[in-house]
2 protein chains.
Amino acid sequence: MQIKTDQLVELSEVFKLLGDPTRLRILLTCLEQEMTVGEIVTASEASQSLVSHHLRLLRAARLVKPRREGRHIYYRAHDDHIRCTLKDMIEHVQEEEDMV
Amino acid sequence: MQIKTDQLVELSEVFKLLGDPTRLRILLTCLEQEMTVGEIVTASEASQSLVSHHLRLLRAARLVKPRREGRHIYYRAHDDHIRCTLKDMIEHVQEEEDMV
DNA sequence: GCTAAATATGAATAGTTGTTCATATGTATA
DNA sequence: TATACATATGAACAACTATTCATATTTAGC
């Protein structure tokens, strides 16, 4: 498996972002539908400030994208690749659970 | 996307492990063939001690598995799921590169 | 413009993590 | 058993990160 160093670093940065449970939960919350920040706060059970900090990191890495609508900002997973990859991995984790 | 908290934590722990470039490089080095620790040290350009520390974490998370043969210990990615998932993501990163 | 609602930002901090250095353990061969 | 080789471990530390608290910004409606 050959990969250039900068691509490897880029990839590891994405993994690092997914490597925090709170942030992962935030991403999963808006994986398949748009969600306002407030809704994400409620669903993720994290503070408003923390959610906002994490969303900024996810945004910077293009893992989510925002859409403004009046006072609300809707977030959603950035693209299909992210959606598919994460769904696959979750399914895998859940299948393993069955085997135990 | 519904997922139990402990599964989410488990998943984020895997991502966290992949989230360090040195460790990711180590894993990729033994993704498709068995490699001795020494070979991994050379290929990853990290110190013997550091490689060993990282291998321990990867082992504990069942991302790699060791096989002893005399004085050498061969490591390899633990299973096909890990191999496939990582190969897919690397291909994706490399395709994105082409588009820029 | 003023107020309330929704979201973002900055500073501060406690806890974690990657790395190094020195040393230990295990294994083969002489 | 002594020596060399291969790998693992433990302590120590600097750098980083998640979180909180307080405050700022943006927007809508009055």
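Everything numeric in this text was worked out from a predicted model, so none of it was measured.

So, how was this worked out
Residues numbered from 1 in each chain as written. Chains lettered and ligands numbered in written order. Predicted model: local features only at pLDDT ≥ 70, side-chain atom pairs only at ≥ 80, totals over all residues. Heavy atoms only, no water. Contact = heavy atoms within 4.5 Å. Buried area = accessible area lost by both parts, 1.4 Å probe. Salt bridge = Lys/Arg side-chain N within 4 Å of Asp/Glu carboxyl O. Helix = DSSP H or I, 4+ residues; strand = E, 2+ residues; numbered from the N terminus. Nonpolar A, V, L, I, M, F, W, Y, C, P; charged D, E, K, R; others polar. Pairing = 2+ DSSP bridges. Axes fitted to C-alpha atoms, helices over the stretch in contact; angles between N-to-C directions. Parallel < 35°, antiparallel > 145°, perpendicular 65-115°, else oblique. Left-handed = near helix turned anticlockwise from the far one by under 90°. Core = buried A, V, L, I, M, F, W, Y, C linked by side-chain atoms within 4.5 Å. Buried < 20%, exposed > 50% of the residue type's maximum accessible area, 1.4 Å probe, protein only. Least-squares fit on C-alpha atoms with pLDDT ≥ 70 in both. Phe/Tyr/Trp six-rings, centres within 6.5 Å; stacked < 30°, edge-to-face > 60°.

## Let's talk about the interface of chain B and chain A
Line of reasoning, step 1. Residue-level contacts link 33 residues of chain B with 33 residues of chain A.
Line of reasoning, step 2. Summing both sides of the interface, chain B and chain A together bury roughly 3,500 Å²; the carbon and sulfur share of this comes to 67%.
Line of reasoning, step 3. Summed over the shared surface of chain B and chain A, the number is zero salt bridges.
Line of reasoning, step 4. Elements supplying a minimum of two residues to the side of chain B that touches chain A: α1 (5-18), α2 (21-29) and α5 (80-99) of chain B.
Line of reasoning, step 5. A per-class count over the side of chain B that touches chain A returns 15 nonpolar, nine polar and nine charged.

## Observations concerning the sheet that holds strand β3 (residues 72-77) of chain B
All names here are of chain B.
Line of reasoning, step 1. Across the sheet, which stays open at both edges, the three strands sit in the order β1-β3-β2 with antiparallel pairing between neighbours. Since the sheet does not close on itself, it has two edges, and those belong to β1 (35-36) and β2 (64-69), each with one partner.
Line of reasoning, step 2. Relative to β3, β1 is paired through two bridges, and the arrangement is antiparallel. Each bridged residue has a counterpart across the sheet, and for Met35 the counterpart in β3 is Tyr75.
Line of reasoning, step 3. Helix α4 (residues 48-60) rests against β2 and β3 of the sheet, and its axis sits at about 115° to β2.

## A closer look at the packing of helix α3 (residues 37-44) of chain A against helix α4 (residues 48-60) of chain A
Packed helices, taken two at a time, are described by the angle their axes make and the gap between the axes.
Residue and element names in this part refer to chain A.
Line of reasoning, step 1. Relative to each other, α3 and α4 sit at 110°, their axes nearing to 9 Å. Classed by the angle they form, the pair α3 and α4 counts as roughly perpendicular. Judged by the sense of rotation from one axis to the other, the crossing of α3 with α4 is right-handed. Residue-level contacts link Val37, Ile40, Val41 and Ser44 of α3 to Gln48, Val51 and Leu55 of α4.
Line of reasoning, step 2. Among the residues making up the contact of α3 with α4, the classes are represented as five nonpolar, two polar and no charged.

## Considerations on the nonpolar core
Line of reasoning, step 1. Counting residues in each nonpolar core, the largest one holds 57 residues, and the members touching the most others are Leu55 and Leu86 of chain A together with Leu86 of chain B.
Line of reasoning, step 2. Excluding its chain neighbours within four sequence positions, the residues that come into contact with Leu86 of chain A are Leu18, Leu24, Leu27, Leu28 and Leu31 of chain A together with Phe15 of chain B.

## Quick notes on the relation of the copies chain B and chain A
Line of reasoning, step 1. Under the fitted operation, chain B is carried onto chain A by 0.0 Å of movement along the axis and a turn of 180°, and the coordinates agree to an RMSD of 0.0 Å. The superposition operator between the copies reduces to a two-fold rotation axis.
Line of reasoning, step 2. A symmetric contact is evident, with 100% of the interface residues of chain B recurring at the interface of chain A.

## Some thoughts on the sheet that holds strand β2 (residues 64-69) of chain A
Residue and element names in this part refer to chain A.
Line of reasoning, step 1. In space, the three strands of this open sheet follow the order β1-β3-β2, with antiparallel pairing throughout. Edge positions in the sheet fall to β1 (35-36) and β2, since each has one partner strand and no second.
Line of reasoning, step 2. Pairing analysis gives six bridges linking β2 to strand β3 (residues 72-77), with the strands arranged antiparallel. When the sheet's bridge partners are listed, Arg67 is paired in β3 with Tyr74.
Line of reasoning, step 3. Those strands touched by α4 are β2 and β3, and its axis lies near 115° from that of β2.

## Topic: unusual backbone geometry
Glycine aside, residues mostly have negative phi angles, and peptide bonds mostly take the trans form.
Line of reasoning, step 1. In this model, Glu45 of chain A sits at a positive phi of 55°, which is unusual for a non-glycine residue.
Line of reasoning, step 2. Judged by relative accessible area, Glu45 of chain A falls into the exposed class, the value being 74%.

## Observations concerning the packing of aromatic side chains
Line of reasoning, step 1. Going through the model one piece at a time under the given rule, you end up with one aromatic pair over all chains.
Line of reasoning, step 2. Ring centres of Phe15 of chain A and Phe15 of chain B lie 5.9 Å apart, and the angle between their planes is 20°; on these two criteria the pair is classed as stacked. Pair noted here: Phe15 of chain A is in helix α1 (residues 5-18) and Phe15 of chain B is in helix α1, and the two residues belong to different chains.
Line of reasoning, step 3. The class of Phe15 of chain A is buried, set by a relative accessible area of 1%.

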